[in-house]
Amino acid sequence: MELKSYDKPWLPAFKGAFLILFGIIAMLRMVGTVRALAVLFIVLIGMVSLLLISTGILFRKTQFRGWTIASGILNLAFCFYLGVHTNSPRNEILWIILVWVLFYALSEFIEAGLLVSRQNAFAALYLLNAFLTLLFGYFLHVLMGNFTAQGVFYLGVIAVVFGIANELSAYLLSRIKEMK
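Small disclaimer: the values here were computed from a predicted structure and weren't measured.

Q: What am I meant to see in the nonpolar core here?
A: In summary, soluble globular proteins display a tendency toward joint burial of nonpolar side chains. Counting residues in hydrophobic clusters, the biggest one holds 37 residues, and the most contacted among them are Phe22, Leu37, Phe41, Trp100 and Leu140. Contributions of two or more residues to this core are made by helix H1 (10–27), helix H2 (34–58), helix H3 (65–84), helix H4 (90–117), helix H5 (123–145) and helix H6 (149–179). Judged by nonpolar contacts, the second largest core, of seven residues, contains Ala123, Leu125, Tyr126 and Leu173.

And the structure:
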């Protein structure tokens, strides 16, 4: 998601590692309840928000510093909101997560647009992440109607694929940095 990761490839690496771990847990069917799923998302959203905010504060040379910090604050708001509503009914928790996933996909499209405006080919990575996020959101929406072990398994598969895509993005970003 992070345009800032163009300079700091460890951001998608952290996100990718978390998604792979989440996917493995989901595929092994260790996520038994929606509340457990919510806790995993609280960790993910919290981690993403802290990385975005700290990146915006620490790296002052970044051209889109305001966007980075604002995006981090919005993610942090989702994290707190989900944390407060972990005892809510199943569908409400899933809707909160789904809205965050849609926000995340939208921010990926914005990042891709910013890169396209700078004629940067890494926009393709952000478009890929945005479409994988939407696919993840679709399977999450399917889970809303019928929270089954098979549905959680499919969500886990998408999470692993999404995590691997983030790891590959981090690798590509780190390689281009070394070539400079």
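And the narrative resumes.
Q: In this structure, what is going on with empty space enclosed by the protein? I would like to understand it.
A: In this approach a probe as big as a water molecule rolls over the atoms, and the regions it shows empty are the leftover space. The tally for this structure, following the rule as stated, stands at two cavities of 30 Å³ or more. Considering only enclosed or pocket space, the largest cavity measures out at about 70 Å³ in volume. Along its surface, the largest cavity is lined by Lys15, Leu19, Phe41, Leu44, Trp100, Val101, Tyr104, Thr133, Phe136 and Phe162. Within the residue set of the lining of the largest cavity, elements represented by two or more residues are H1, H2, H4 and H5.

Q: What exactly am I supposed to notice about the packing of H3 against H4 here?
A: Their axes nearest at 10 Å, the elements H3 and H4 cross at an angle of 170°. Overall, the two elements H3 and H4 adopt an arrangement that is roughly antiparallel. For the pair H3 and H4, the contacting residues are Trp67, Ser71, Leu74, Asn75, Phe78, Tyr81 and Leu82 in the first and Ile93, Ile96, Ile97, Val99, Trp100, Phe103, Ser107, Ile110, Glu111 and Leu114 in the second.

Q: Just checking my understanding: could you explain the environment of alanine 159 for this structure?
A: In this structure, alanine 159 sits in helix H6. Between the alpha carbons of alanine 159 and glycine 16 there is a distance of 8.8 Å; along the sequence they are 143 residues apart. Once residues lying within four places of it in the same chain are set aside, the contact partners of alanine 159 are Leu19, Ile20, Phe22, Gly23 and Phe136.

Rules and cut-offs
Residues numbered from 1 in each chain as written. Predicted model: local features only at pLDDT ≥ 70, side-chain atom pairs only at ≥ 80, totals over all residues. Heavy atoms only, no water. Core = buried A, V, L, I, M, F, W, Y, C linked by side-chain atoms within 4.5 Å. Buried < 20%, exposed > 50% of the residue type's maximum accessible area, 1.4 Å probe, protein only. Helix = DSSP H or I, 4+ residues; strand = E, 2+ residues; numbered from the N terminus. 1 Å grid on protein atoms, 1.4 Å probe; cavity = no way out; pocket = protein on both sides within 12 Å on 5 of 7 lines; lining within 4 Å. Points joined across faces, edges and corners; volume = space filled by probe spheres on them. Axes fitted to C-alpha atoms, helices over the stretch in contact; angles between N-to-C directions. Parallel < 35°, antiparallel > 145°, perpendicular 65-115°, else oblique. Contact = heavy atoms within 4.5 Å.

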